[in-house]
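Analysis of the macromolecular model
The primary structure of each chain is shown beneath.
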Amino acid sequence: ESVKVYEVGFKGTFWNNRLRFNAAAFRTDYSDLQIQGFTPETGVAPVYFNAGSARIEGFELDMALTPVDGLFIEAA
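The present account deals with the structure reproduced in this document. (Residues numbered from 1 in each chain as written. Predicted model: local features only at pLDDT ≥ 70, side-chain atom pairs only at ≥ 80, totals over all residues. Heavy atoms only, no water.)

The antiparallel open sheet is built from four strands, whose spatial order is S1-S2-S3-S4. At either end of the open sheet lies a strand with only one pairing partner, and these are strand S1 (2-14) and strand S4 (73-75). With direction set aside, neighbouring strand axes in the sheet form an average angle of 15 degrees. Pairing between S1 and strand S2 (residues 19-37): 13 bridges, direction antiparallel. What sits directly across from Lys-4, in S2, is Asp-29. (Pairing = 2+ DSSP bridges. Helix = DSSP H or I, 4+ residues; strand = E, 2+ residues; numbered from the N terminus. Axes fitted to C-alpha atoms, helices over the stretch in contact; angles between N-to-C directions.)

Quick look at the structure:
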């Protein structure tokens, strides 16, 4: 089993440290993937299966804002 992971992103603080913004895009490529599972023959004993390849990709955004003292806004 092997994996290649790619990620690019940005983190920044703006507006006199009242705004924080983070963004990232990622991709993970698996080859010769093995997964754990169960079969009726083995009961509760786990066995491993060859699953070939798989890919996970996506992005993340999050923001935190303090426009005035005592008010905090967060989004993701």
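Applying the stated criterion across every chain, the model contains one aromatic pair. Ring geometry for Phe-10 against Phe-14: centres 6.3 Å apart, planes inclined by 20 degrees, an arrangement best described as stacked. In this structure Phe-10 comes out as partly exposed when scored by relative accessible area, which is 42%. (Phe/Tyr/Trp six-rings, centres within 6.5 Å; stacked < 30°, edge-to-face > 60°. Buried < 20%, exposed > 50% of the residue type's maximum accessible area, 1.4 Å probe, protein only.)

Nonpolar side chains collect at one region of the surface, where Phe-10, Phe-14, Trp-15, Phe-21, Phe-59 and Leu-61 lie side by side and expose about 650 Å² of accessible area between them. Secondary structure elements with two or more residues in the nonpolar patch: S1 and strand S3 (47-65). If you trace the backbone, Phe-14 turns up in strand S1. (Patch = residues over 30% accessible without salt bridge, like charges linked within 9 Å, V, L, I, M, F, W, Y side chains within 5 Å. Areas by Shrake-Rupley, 256 points an atom, 1.4 Å probe, with all protein chains shown as cover. Salt bridge = Lys/Arg side-chain N within 4 Å of Asp/Glu carboxyl O.)

The subject of this paragraph is the pattern of salt bridges. Applying the stated criterion to the full structure yields four salt bridges. Here Arg-18 makes a salt bridge to Asp-69, at a shortest N to O gap of 3.4 Å. Of this pair, Arg-18 sits in the loop between S1 and S2 while Asp-69 is found in the loop between S3 and S4, placing the two residues 51 residues apart along the sequence. On the basis of relative accessibility, which here comes to 27%, the residue Arg-18 falls in the partly exposed class. One salt bridge in this structure joins Asp-62 and Arg-20, with 3.7 Å as the shortest N-O distance. Of the two residues, Asp-62 is situated in strand S3 and Arg-20 in strand S2; the sequence distance between them amounts to 42 residues. In this structure, a network of salt bridges that share partners links the residues Arg-27, Asp-29 and Arg-55.

Looking now at unusual backbone geometry. For Trp-15, which is not glycine, the phi dihedral falls at a positive 55 degrees. Assignment of secondary structure puts Trp-15 in the loop between S1 and S2. We note that Asn-16 has phi near 55 degrees; this positive angle belongs to a residue other than glycine. Along the polypeptide, Asn-16 turns up in the loop between S1 and S2. The exposure class of Asn-16 is exposed, given its relative accessible area of 71%.

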